[in-house]
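# Coordinates in review
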Amino acid sequence: LARGTDRLWIGTSQGLFSYDLVSWTTYPHPNQELSMNIKTLLAAGQNMYVGTTEGLFLFNGQWSKVSLPGGNWPVTVLADDGADGLFCGGPKGLLRVSTNLTHITFVSGIEGEVSAVTARDGKLYVGTEQGLYVGRANAKRATVSFAQWLGEVPVTALAQNGTHLWVGTTSGLAQRQL
C-alpha cells in the first residue's frame, strides 16, 4: 500500500491499482507476468515507484524500468530518503536513487538481505536478517554500522513517529527514543 496525494495505491498479485474513494483503476504492466511480482510501493509526488522481483519501475501514467547497477536488482522495500531521493532494498543490499533517477549510490556497511528501511533528517535505519543498522545519508553518500543496542535479532519492519523509532523483529516489538 502507498498513499498518494489523492488516492490509495495498492500493489497486488494482479498488478497495480488505485482507489480515489469513489472508483478503482487498474494499471497493468505491459508484461503481465511482471505485474504479478510487485513487492512494494512508494508514492512521491506524481510518481509511483514500484519495487518488483525484476527491479525498480517508475509509474507516472507510463511504466518505465529504472536501470540499477548489476542487472537484475530485486526491490522488496522502498523508503523516501526525506530529501531528494529514495532507498531501494532487497536481497542484494541497499541503494539510494535520486528522484530524477540520475544518481545511484550503493549503501555500504550492510550485511544480509534488506527487509526494512526508514530515513528522516539525514538519519538512516536499515533492518536485515542480521539486525538493525544505523547511519547517515545525503545526496552523495550513505553509510551505516551495526546497532549494538538491539543485538543480532532479525528486523522485519521499521517506523518512525515523532521522536521514536519502532523496530519490528522476529522476537517482538522494540522502541527507542531518537
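A quick note: this is a predicted structure, and the numbers were derived from the prediction, not measured. (Residues numbered from 1 in each chain as written. Predicted model: local features only at pLDDT ≥ 70, side-chain atom pairs only at ≥ 80, totals over all residues. Heavy atoms only, no water.)

### Some thoughts on the confidence of the model for the protein chain
Of all residues in the protein chain, 97% attain a pLDDT of 70 or more, and the chain-wide mean is 89. Per-residue pLDDT, averaged within each element of the protein chain, yields its smallest value for helix 1 (residues 32-35) (63) and its largest for strand 18 (residues 164-169) (95). (pLDDT = per-residue confidence, 0-100. Helix = DSSP H or I, 4+ residues; strand = E, 2+ residues; numbered from the N terminus.)

### Side note on the sheet that holds strand 11 (residues 93-98)
In spatial order, the strands read 9-10-11-12; together these four strands make up an open sheet with antiparallel pairing. The sheet is open, and its two borders are formed by strand 9 (77-80) and strand 12 (104-106), each paired with just one other strand. Pairwise comparison of adjacent strand axes, ignoring direction, gives a mean angle of 20° for this sheet. (Pairing = 2+ DSSP bridges. Axes fitted to C-alpha atoms, helices over the stretch in contact; angles between N-to-C directions.)

### Some remarks on the side chain of Asp81
Within the fold, Asp81 resides in the loop between strand 9 and strand 10 (85-90). In this structure Asp81 comes out as buried when scored by relative accessible area, which is 9%. Looking at Asp81, its side chain comes within polar contact range of the main-chain nitrogen of Gly85, at 3.0 Å. A distance of 2.7 Å separates polar atoms of two side chains, one belonging to Asp81 and the other to Arg96. Once residues within four sequence positions are removed from consideration, Asp81 is found in contact with Leu86, Phe87, Arg96 and Ala119. (Buried < 20%, exposed > 50% of the residue type's maximum accessible area, 1.4 Å probe, protein only. Polar contact = N/O pair within 3.5 Å; in protein donor to acceptor, adjacent residues only side chain to side chain. Contact = heavy atoms within 4.5 Å.)

### Here's the deal with the environment of Leu94
In this structure, Leu94 sits in strand 11. Given a relative accessible area of 0%, Leu94 falls into the buried group. For the pair formed by Leu94 and Val117, sequence separation is 23 residues and the distance between their alpha carbons is 9.0 Å.

### A word on the packing of aromatic side chains
Applying the stated criterion across every chain, the model contains eight aromatic pairs. Pairwise contacts between aromatic rings join Trp9, Tyr27, Phe57, Phe59 and Trp63 into one cluster. (Phe/Tyr/Trp six-rings, centres within 6.5 Å; stacked < 30°, edge-to-face > 60°.)

### Brief notes about the environment of Ala43
Turning to its location among the elements, Ala43 is positioned in strand 5 (residues 38-44). The partly exposed category is assigned to Ala43, whose relative accessible area is 23%. Along the primary structure Ala43 and Trp9 are separated by 34 residues, whereas in three dimensions their C-alpha atoms are 8.1 Å apart.

### Quick look at the nonpolar core
By size, the foremost hydrophobic cluster in this structure holds 15 residues, and its most contacted members are Phe87, Leu94, Val107, Val117, Leu124 and Val126. Taken together, the elements giving at least two residues each to this core come down to strand 9, strand 13 (114-120), strand 14 (123-128), strand 15 (131-137) and strand 16 (142-146). Counting residues per element, this core draws most heavily on strand 13, which supplies three residues. Setting aside residues up to four positions removed in sequence, Leu94 forms contacts with Trp73, Phe87, Cys88, Gly89, Thr105, Phe106, Val107, Ile110, Val114, Val117, Leu124 and Val126. With 13 residues, the next largest nonpolar core counts Leu56, Trp73, Leu78 and Leu86 among its residues. (Core = buried A, V, L, I, M, F, W, Y, C linked by side-chain atoms within 4.5 Å.)

### Observations concerning unusual backbone geometry
Backbone phi values are negative for most residues with the exception of glycine, while trans is the configuration of most peptide bonds. Although it is not a glycine, Leu101 sits at a positive phi angle of roughly 65°. Secondary-structure assignment places Leu101 in the loop between strand 11 and strand 12. Despite not being glycine, Asp121 shows a phi value in the positive range, around 50°. Checked against the element boundaries, Asp121 lands in the loop between strand 13 and strand 14. Of the residues examined, Asp121 reaches a relative accessible area of 68% and is grouped as exposed.

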